[in-house]
Amino acid sequence: MSGAPGTPKIPYGGDYNPEQWPEEVWSADHRLFTQAGIDTLTVGVFAWSLLQPAPDTYDFTFLDRILDRAAAEARRVVLGTGTAALPPWLAKAHPEVNRTDFEGRRHGYGQRHNFCPSSPAYRRLSTALAGRLAQRYADHPALLAWHVNNEYGGACYCELCAEAFREWLRARHGTLDALNDAWWTTFWSHRYTDWAEIEPPSALTEHWRGPDHTAFQGITLDYQRFMTDALLGCFVAEKEAIRAHSRDTPVTTNFMGLYRPLDYHRWAPHLDFASWDSYPPLDAPPSWPALAHDLMRGLKDGAPFWLMEQTPSTTACRDVNPLRRPGESRLASWQAVAHGADAVLYFQMRASRGACEKYHGAVIGHAGRHDTRVFHEVALLGSELERLGNVTLGARTPARTALLFDWDSWWALEISDGPSRLMKYIDVVHGYYRAARVAGADVDVVPVTADLSAYDVVLAPVLHLVKGDVAERLEAVAARGGTVLTTFLSGRGDEHDRAFLTDVPGPLGRLTGVRVDEWDSRPPEVTNPVDLDGQEVASRLVFEIVVPQGAELVGAYTSDFYAGTPAITRNRFGDRGGEGWYVATHLDDAGTDRVVRRVLDRHGLVGPYAEHTDVETSTRVTPDGTHLLFLLNHAATDAQLTAHTAATDLLSGQHHEKGEPLTLDPLGVAVLRIG
Ligand code: GLA
Ligand code: ZN
């Protein structure tokens, strides 16, 4: 079984916790769901303590009623396995299910998302619950998908995890000699002579000043990989327990998009479909959730994913929780669909009465009203999705631009001492992604192992670690006439974060035609203007000094002792017009935009509406070959466009001939069927 569940339209709804309410309230809820076009409910996500009130007692009566009621109302259910928040008795009976934190403190019972992934008791009881749920509900008519656990994350540093880490290391490195070599342990007298000597890297061992400051990058990198795999093991075990009874219903777990602690690429093969919860940072531009959507789409080779959660109005967990303005939630929903989402779901259907999420936005508030702005907007989108029907389901994005995304590089860059603690992986990656998107290019955000043969342009910003054959595959892109762009702090380390014993940028040197012997790093207020075709753009934080080895200068530093030397270069590669670009410093948005646009332009990839910087475009091609172009106006004012081709807007029904005016309302959306 692979792929998202088959549905007649985009599933619409979200997290629903009727177990918090008497059944009269359920009736009111379902009436409102019908009014709002809500057909899909995620249930049971935090129901463990009700489902299993004692070690030997299971009680499914309330869940039976929730599912039966949903079925009677013709709604489908995404069924949680409920294993993300422990029941109190479990923590009492098996204190080792509680995590030991980075500072070495064993936690007591409380909160959620905090079970030790190596705890045998947790494994046994979580899989038992998942298995029983699957046995009971596999054939329930309401069942649409399985939702294992919730937002896996964090890390544990307990003795059980230490032991599991040692086992993981044996499997990865084979011998202590290999491990000592990979971690470069002769530095600071760390040569291990027994696996038992190895400790998890924490505040009590290799770290100071927190999780990013480690004496041994190799150890910390391996722990992050291990923790990713340990939590993945919990997911896989629950999935297997489900599969023993429920053979065909797709299984997922809700990811968190741009989430550093877990390498989702390691998880991707184990999911039937990807899903994620979108809560962008407060002042994030639209390209931020877009990057996360495209990363999620890239998890399963471009197959559609689900938007499993977003708030209809406001979050609660932040210091400041602004409301989504009128139209913003609709626009964010269409943006998800534009990027490949085949479901639009909210957290949450009805606001919790107590505890820390009582102020979190919900489709239905405490008063149960239907005449609120939020309910009205939710219902409006519900009716639009109903009208749209199945058109977008299964549609894929035919991107010719790829952006390499690599958790190992993210981790290695941010746990490094030098050259600059201020250089953040996502800031650079997002900068290049944003530039490509505002130029109107569809972008696949893919792992370094992805097949690159379909792309004309491959962006590989801060590809800090170069692993496997990625350098050869990037060369192959340029050899067949494509363009590869990489940046400063790329090609620095191998998979263990050991420096290459060659010129920087290591295995990327041939493609880029440059050599870097020295690099400078300055505080954020220092800029070094880069002269790019006679115009200056700013650069900050890291300044590599490039010695061209065949590459030609595109832009030069203008100050300091390296003034006049290249900050941006391009290198002809092969005999088909391919190029390898190198950007040696952290350019501002204007600079990144200009560089990326030049690269895209070489391949005719600048979009038809690229001059409208507030209008985002995104393409999906349906299984029957219909081209859909989504237009998303992120401005609070109208966008006056001119149709670039004949097209019909599936939302308004309006047809536009090529060259005719096409107006988007403030925060407006069009789903153009081309032709
Ligand atoms: C996460 C969780 C939900 C809820 C929301 C609130 O996404 O999965 O259970 O806590 O955050 O924003
Ligand atoms: Zn542990």
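Residues numbered from 1 in each chain as written. Chains lettered and ligands numbered in written order. Predicted model: local features only at pLDDT ≥ 70, side-chain atom pairs only at ≥ 80, totals over all residues. Heavy atoms only, no water.

A. Layout of the overall build of the protein chain. When helices and strands are tallied, the protein chain shows 17 helices and 28 strands. Rg of the C-alpha trace for the protein chain: 26 Å, near the compact-globule value of 26 Å for 675 residues, within the 12% margin. Along the first, second and third principal axes, the C-alpha atoms of the protein chain reach 75 × 75 × 40 Å. Contacts in the protein chain between residues far apart in sequence, at least 24 positions, make up 71% of those at least 6 positions apart. Surface exposure of the protein chain reaches about 25700 Å², of which carbon and sulfur atoms provide 51%. Averaging the coordinates of the 63 positive side-chain charges in the protein chain and doing the same for the 87 negative ones gives two points 3 Å apart. (Helix = DSSP H or I, 4+ residues; strand = E, 2+ residues; numbered from the N terminus. Rg over C-alpha atoms; globule rule 2.2 N^0.38 Å. Contact = heavy atoms within 4.5 Å. Areas by Shrake-Rupley, 256 points an atom, 1.4 Å probe, with all protein chains shown as cover. Lys, Arg positive; Asp, Glu negative; His and termini not counted. Charge placed at Lys NZ, Arg CZ, Asp CG, Glu CD.)

B. Seen up close, the layout of surface pockets. When its volume is computed, the largest pocket comes out at roughly 1400 Å³. Along the wall of the largest pocket there are 49 residues; nearest its centre are Arg-112, His-113, Asn-150, Glu-151 and Glu-357. Those elements that provide at least two residues to the lining of the largest pocket are helix H2 (48-51), strand E7 (275-277) and helix H10 (287-299). Per-element tally for the lining of the largest pocket: the top contributor is H2, with three residues. Considered class by class, the residues forming the lining of the largest pocket number 24 nonpolar, 16 polar and nine charged. A domain-level breakdown of the lining of the largest pocket finds at least three residues from each of domain 1 (1-16 + 274-393) and domain 2 (39-223 + 231-251). (1 Å grid on protein atoms, 1.4 Å probe; cavity = no way out; pocket = protein on both sides within 12 Å on 5 of 7 lines; lining within 4 Å. Points joined across faces, edges and corners; volume = space filled by probe spheres on them. Nonpolar A, V, L, I, M, F, W, Y, C, P; charged D, E, K, R; others polar. Domains from an automatic or database assignment.)

C. Geometry of H10. Along its 13 residues, H10 runs 18 Å from first to last C-alpha, staying within 8% of the 18 Å computed at 1.5 Å per residue. Counting buried positions over the 13 residues of H10 gives 12, a clear majority of the element. Looking only at H10, the buried set comprises Ser-287, Pro-289, Ala-290, Leu-291, Ala-292, His-293, Asp-294, Leu-295, Met-296, Arg-297, Gly-298 and Leu-299. Residue Asp-301 follows H10 closely and has a positive phi angle near 55°. (Expected span 1.5 Å × (residues − 1). Buried < 20%, exposed > 50% of the residue type's maximum accessible area, 1.4 Å probe, protein only.)

D. Representation of the packing of H10 against helix H14 (residues 425-438) in the model. For the pair H10 and H14, the least separation of the axes is 10 Å and the interaxial angle reads 95°. Considered as vectors, H10 and H14 are oriented roughly perpendicular to each other. Facing Ser-287, Trp-288, Ala-290, Leu-291 and Asp-294 of H10, the residues of H14 in contact are Ile-426, Val-429, His-430, Tyr-433, Arg-434 and Arg-437. (Axes fitted to C-alpha atoms, helices over the stretch in contact; angles between N-to-C directions. Parallel < 35°, antiparallel > 145°, perpendicular 65-115°, else oblique.)

E. A look at the side chain of Ser-246. Tracing the backbone shows Ser-246 in the loop between helix H8 (217-243) and strand E5 (251-252). For Ser-246, a relative accessible area of 2% puts it in the buried group. In contact with Ser-246, not counting residues within four places along its chain, are Ala-134, Ala-138, Leu-143 and Trp-146.

F. Structural context of the nonpolar core. Grouped together as the largest cluster of nonpolar side chains are 149 residues, with contacts concentrated most on Leu-63, Trp-334, Phe-405 and Ile-568. Setting aside anything within four residues of it in sequence, one finds Ile-568 in contact with Val-530, Leu-532, Glu-552, Leu-553, Val-554, Gly-555, Trp-581, Tyr-582, Val-583, Leu-587 and Val-595. Grouped together as the second largest cluster of nonpolar side chains are 23 residues, Cys-156, Cys-158, Leu-176 and Leu-179 included. (Core = buried A, V, L, I, M, F, W, Y, C linked by side-chain atoms within 4.5 Å.)

G. Geometry of the packing of helix H1 (residues 23-36) against helix H12 (residues 373-388). Orientation of H1 relative to H12, taken along the N-to-C sense of each, is 55°, at an axis distance of 7 Å. Regarding the angle of H1 to H12, the classification is oblique. In contact with Leu-32, Gln-35 and Ala-36 of H1, H12 contributes Phe-375, Val-378, Ala-379 and Gly-382. When its residues are assigned to classes, the contact of H1 with H12 shows five nonpolar, two polar and no charged.

H. Looking closely at the site of ligand 1. In the vicinity of ligand 1, the residues found are Phe-46, Arg-112, Asn-150, Glu-151, Asn-254, Asp-277, Tyr-279, Glu-309, Phe-347, Glu-357 and His-360. One nitrogen or oxygen atom from the side chain of Glu-309 is found 2.4 Å from an oxygen atom belonging to ligand 1. In the model, an oxygen atom of ligand 1 is placed 2.7 Å from a nitrogen or oxygen of the His-360 side chain. In a pocket analysis with a 2 Å cut-off to the grid points, ligand 1 is assigned to the largest pocket. (Near = heavy atom within 4 Å. Polar contact = N/O pair within 3.5 Å; in protein donor to acceptor, adjacent residues only side chain to side chain. Sits in = over half its atoms within 2 Å of the grid points.)

I. Region of the structure containing the coordination of the zinc ion (ligand 2). At this site the zinc ion (ligand 2) is bound by Cys-116 (SG), Cys-156 (SG), Cys-158 (SG) and Cys-161 (SG), with donor distances of 2.3 Å. Here the zinc ion (ligand 2) binds four donor atoms, and the angle range of 101 to 116° at the metal identifies the geometry as tetrahedral. Between consecutive donor residues of the zinc ion (ligand 2), the sequence gaps follow C-x39-C-x1-C-x2-C. For the pair formed by Cys-156 and Cys-161, the shared burial category is buried. (Donors = N, O, S within 2.8 Å, 3.2 Å for Na, K, Ca; no water. Tetrahedral: all angles 85-135°; square planar, octahedral: opposite > 155°, others 65-115°.)

J. Quick look at the packing of aromatic side chains. Under the defined criterion, the tally for this structure stands at 35 aromatic pairs. Taking the centre distance of 6.4 Å and the plane angle of 25° together, the rings of Tyr-259 and Tyr-264 count as stacked. When its relative accessible area of 18% is taken as the criterion, Tyr-259 is described as buried. Exposure remark for Tyr-264: the relative accessible area of 0% places this residue in the buried category. Taking the centre distance of 5.8 Å and the plane angle of 20° together, the rings of Trp-410 and Tyr-425 count as stacked. One end of the pair, Trp-410, is in helix H13 (residues 407-414); the other, Tyr-425, is in helix H14, and 15 residues separate them in sequence. Side by side, Trp-410 and Tyr-425 carry an identical accessibility label, which is buried. If you follow Arg-99 out to its NZ or CZ, it ends over the ring of Phe-115, 5.5 Å from the centre. The ring of Trp-519 carries the charged tip of Arg-492 above its face, separated from the ring centre by 4.0 Å. (Phe/Tyr/Trp six-rings, centres within 6.5 Å; stacked < 30°, edge-to-face > 60°. Lys NZ or Arg CZ within 6 Å of the ring centre and 35° of its normal.)

K. Structural context of the environment of Val-615. Position of Val-615 among the secondary structure elements: in strand E22 (residues 615-621). With 17 residues separating them in the primary sequence, Val-615 and Leu-632 have C-alpha atoms 5.4 Å apart. With residues near it in sequence (within four places) discarded, Val-615 still touches Leu-631, Leu-632, Asn-633, Ala-639, Leu-641 and Leu-664.

L. Examining the environment of Glu-536 more closely. Topologically, Glu-536 is positioned in strand E16 (residues 535-537). On the accessibility criterion, Glu-536 (55% relative accessible area) is exposed. Once residues within four sequence positions are removed from consideration, Glu-536 is found in contact with Pro-529, Val-530 and Thr-558.

M. View of empty space enclosed by the protein. Here the structure, examined in full by the defined rule, presents one cavity of 30 Å³ or more. Here the largest cavity defines a volume of roughly 50 Å³. Along its surface, the largest cavity is lined by Tyr-16, Pro-18, Trp-26, His-30, Leu-41, Val-43, Arg-65, Ile-66, Arg-69, Ala-70 and Val-77. Looking at the lining of the largest cavity, the elements with two or more residues in it are H1, strand E2 (40-43) and helix H3 (61-72). Looking at the lining of the largest cavity element by element, the count peaks at four residues for H3. Considering only residue class, the lining of the largest cavity consists of eight nonpolar, one polar and two charged.

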